[in-house]
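The primary structure of each chain is shown beneath.
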Amino acid sequence: MKKSYLLSPGPTPVPERVLLAMAQPVIHHRTPQFSGIFAQCAEKLKGLFNTKNDVLILSSSGTGAMEASITNCFSKGEKVLVVNAGKFGERWGKIAEAYDLKVQWMNIVWGNAADPAAVKAALDADPDIKGVFIQATESSTTVKHPIKEIAAITRSRDVLLTVDGITGVGVFDIPMDEWGVDILICGSQKAMMLPPGLSFIALADRAWARADKAKNNKFYFDLKKERKNLKDKTTAYTPAVSLIYGLQEVLAMMEEETYPKLFERHAALGLAVRAGTGALGLKPVTTHYTEGMTGVFLPEGLDGKKFVKVLRDSFGVTFAGGQDDWAGKIIRIAHLGYFTEFDMVIALSSIEMALDKFKVPVKFGAGVGAAQEILRDRFEVK
Ligand SMILES: *Cc1c(COP(=O)(O)O)cnc(C)c1O
C-alpha cells in the first residue's frame, strides 16, 4: 500500500469535510436554495478580501480572473507596467499583450522582489502608464512582493494596481481597501483548499469606474454583468455548483480558525520548513520568502527533476520542482491551505530520505528536528 501526500503549491490538499460537502447532489442553480448559498459565500469572501466591495465568483482557473481584470478595466493600446519576477509575472504581460495593451516589462532577476522605488521611478518617468500588474506571491520563485508599499505609490495616481493574489489571499493579510489595491484576484486550488475551477476577483471603486470606460474584447468574463447578477444572488452563466458547496465549507472552516490564526499558522509552517531545509544545507532561493511556500536549491550536480519524480513515484510525496532557468535545480514545498505542523514533518523527512537515496550525506532527523524546535511552541498541553 502507498499513501499519497500532496505538498505542491497548487493544487493543494482538500479537507475531508470539503470533499463531503462537494459530494452533495447537484441542485439547479436558478433556485432560492442555491442563491442562498451563493450569496452567503460572496458575502463571506468580502471578509477574506478585507473589502466593502463585491467579490465576484467566476467558474475558471485563476488565469481567467487575471484575463478578466485586463479585458474589463483596460483598453487596447493602453500602456501598463508588468512586474515580471517569474512565470506568473510573465503571464500578466502575455495576457496584456494578447489584448493589445502596450506592456512595459519590469524584469526582475528570479528570487528577487519588486523594489517600490523602481516602480515609482517607472511611473514618474511615464505618465502614460495606466496600470501596474504584480503578484502577491510569485509562486515560481516563492517570493513575496511588497504590495502595501507599491499600493502607497499607485493610489495617489491615476494608475490601477492589479494584484494576482492567487497564492496570497488566505495565506497572509492583504487588506485591499486599507492599502488601496484596486483589483485583487484569487483562485480555488491554492490557499482556498478547493479543487481547481473557481476564481475570485474584487474591484475597488476606481477600478469599476475604469470598467465603465474600458474598450476591449470580452464575452464570458463580463464583470459588470456578473456584478449585476450577484445583486440578484446569481451568475450570468451556469456556476460550478459543486465547487460552491465546497467553498461554503471552506469559508466556514476559515471562520472557525479565524483569519489571524490562519495567517499565523502559515507563517509558522514557513519558519519551520526553512529551519528544516537550512539544517539540511539546502540553500534558500530568496530572502523575500512568502509565508505560503518555500523554494530551496538542491545540492549542486543533483538531478532535480529526477529527485522530485522519485519523491512522487517512490515515496508518494508530490512536491513542485522548478521552472525555466530553475528547472531541475530547486524544490518547492507548499504550506498554504490545508496543512498543519505534521505535514511539514512528512515533507522534511521525505526530503531527507530522498537525499540519502541520491547519495547526499544527510543526518536523518536533522531537518525534522530543526522544524520541531519551532513547531513545539504551537502546542499547548492542558
Ligand atoms: C497558480 C497560480 C496562477 C495560475 O492559476 P491557474 O489556476 O493555473 O490559472 C496564477 N498566479 C499565481 C501566483 C499562481 O500561483
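Every value quoted in this text rests on a predicted model; they were computed, and no experiment measured them.

Draft legend 1. A look at the pairing of strand S4 (residues 102–107). Relative to S4, strand S3 (residues 79–84) is paired through 6 bridges, and the arrangement is parallel. Residue pairing across strands places Val82 opposite Trp105, the latter belonging to S4. This β-α-β element, S3 to helix H4 (residues 87–98) to S4, shows right-handed connectivity.

Draft legend 2. Examining the packing of helix H13 (residues 341–357) against helix H14 (residues 366–375) more closely. Where H13 contacts H14, the axes come no closer than 8 Å and their chain directions differ by 160 degrees. What the angle tells us is that H13 and H14 run roughly antiparallel. The handedness of the crossing between H13 and H14 is right-handed. Along its contact with H13, which presents Glu341, Val345, Leu348, Ser349 and Glu352, the element H14 presents Ala366, Gly367, Val368, Ala371 and Leu375.

Draft legend 3. Structural view of the site of the ligand. For the ligand, the set of nearby residues contains 14 residues, the closest of which are Ser61, Thr63, Ser139, Asp164 and Lys190. The separation between an oxygen atom of the ligand and a polar side-chain atom of Ser61 is 2.5 Å. Within the side chain of Asp164, an N or O atom sits 2.6 Å from a nitrogen atom of the ligand. Protein chains shield 89% of the accessible area of the ligand, which is 380 Å² for the free molecule. Contributions of two or more residues to the shell around the ligand are made by helix H3 (62–73) and H4.

Draft legend 4. Looking closely at the domain arrangement of the protein chain. The domains assigned to the protein chain are domain 1 (16–256) and domain 2 (258–378). Centre-to-centre, using C-alpha coordinates, domain 1 lies 28 Å away from domain 2. With both sides pooled, the region where domain 1 packs onto domain 2 buries about 2,200 Å², and carbon together with sulfur makes up 62% of that total. Sorting the residues of domain 1 by area buried against domain 2 places Trp110, Thr142 and Val171 first, and these three jointly supply 28% of that buried surface. Here domain 1 is connected to domain 2 by 2 salt bridges. Across the domain 1-domain 2 interface, the total number found is 13 residue pairs in polar contact (both at pLDDT 80 or more).

Draft legend 5. Structural detail: the layout of surface pockets. Estimates place the volume of the largest pocket at around 300 Å³. In this structure, the largest pocket is lined by 13 residues; those nearest its centre are Glu257, Lys261, Arg265, Thr340 and Arg378. If you tally residues by element for the lining of the largest pocket, the top one is helix H11 (residues 259–279), at 4 residues. When its residues are assigned to classes, the lining of the largest pocket shows 5 nonpolar, 2 polar and 6 charged. Looking at the second largest pocket, its volume works out to about 230 Å³. What lines the second largest pocket is a set of 13 residues, among which Tyr5, Leu6, Pro13, Tyr338 and Asp343 lie closest to the centre. At the level of secondary structure, the elements contributing two or more residues to the lining of the second largest pocket comprise strand S1 (5–6), helix H1 (16–22) and H13. Each residue belonging to the lining of the second largest pocket can be placed in one class, and the counts come to 9 nonpolar, 2 polar and 2 charged.

Draft legend 6. Highlighting the side chain of Arg332. With respect to the element layout, Arg332 can be found in strand S13 (residues 330–334). For the buried Arg332, no salt bridge exists, and the shortest N-O distance to an oppositely charged side chain is 7.1 Å, to Glu138. Within polar-contact distance, the side chain of Arg332 engages the backbone oxygen of Ser139 at 2.8 Å. Within the structure, Arg332 has its side chain in polar contact with the backbone oxygen of Gly321 (distance 2.8 Å). In this structure, Arg332 is in contact with Leu7, Pro9, Ser139, Ser140, Thr142, Thr294, Gly295, Phe319, Ala320, Gly321 and Gln323, ignoring residues within four places of it in sequence.

Draft legend 7. Just the packing of aromatic side chains, in detail. With the rule as written, the count across this model stands at 11 aromatic pairs. Pairing Tyr220 with Tyr237 gives two aromatic rings, centres 5.5 Å apart and planes at 25 degrees, and the pair type is stacked. Of this pair, Tyr220 sits in the loop between helix H8 (205–213) and helix H9 (223–231) while Tyr237 sits in the loop between H9 and helix H10 (241–257), placing them 17 residues apart in sequence. The partly exposed category is assigned to Tyr220, whose relative accessible area is 35%. Three or more aromatic residues link up through ring pairs in this structure, and these residues are Phe219, Tyr220, Phe221 and Tyr237. The ring of Phe219 is capped by Lys225, whose NZ or CZ atom sits 5.3 Å from the centre of that ring. Between the NZ or CZ atom of Arg227 and the centre of the ring of Trp208, over which it lies, the distance is 3.9 Å.

The rules behind the values
Residues numbered from 1 in each chain as written. Predicted model: local features only at pLDDT ≥ 70, side-chain atom pairs only at ≥ 80, totals over all residues. Heavy atoms only, no water. Pairing = 2+ DSSP bridges. Helix = DSSP H or I, 4+ residues; strand = E, 2+ residues; numbered from the N terminus. Right-handed = clockwise from strand over helix to strand, strands pointing away. Axes fitted to C-alpha atoms, helices over the stretch in contact; angles between N-to-C directions. Parallel < 35°, antiparallel > 145°, perpendicular 65-115°, else oblique. Left-handed = near helix turned anticlockwise from the far one by under 90°. Contact = heavy atoms within 4.5 Å. Near = heavy atom within 4 Å. Polar contact = N/O pair within 3.5 Å; in protein donor to acceptor, adjacent residues only side chain to side chain. Areas by Shrake-Rupley, 256 points an atom, 1.4 Å probe, with all protein chains shown as cover. Domains from an automatic or database assignment. Buried area = accessible area lost by both parts, 1.4 Å probe. Salt bridge = Lys/Arg side-chain N within 4 Å of Asp/Glu carboxyl O. 1 Å grid on protein atoms, 1.4 Å probe; cavity = no way out; pocket = protein on both sides within 12 Å on 5 of 7 lines; lining within 4 Å. Points joined across faces, edges and corners; volume = space filled by probe spheres on them. Nonpolar A, V, L, I, M, F, W, Y, C, P; charged D, E, K, R; others polar. Buried < 20%, exposed > 50% of the residue type's maximum accessible area, 1.4 Å probe, protein only. Lys, Arg positive; Asp, Glu negative; His and termini not counted. Phe/Tyr/Trp six-rings, centres within 6.5 Å; stacked < 30°, edge-to-face > 60°. Lys NZ or Arg CZ within 6 Å of the ring centre and 35° of its normal.

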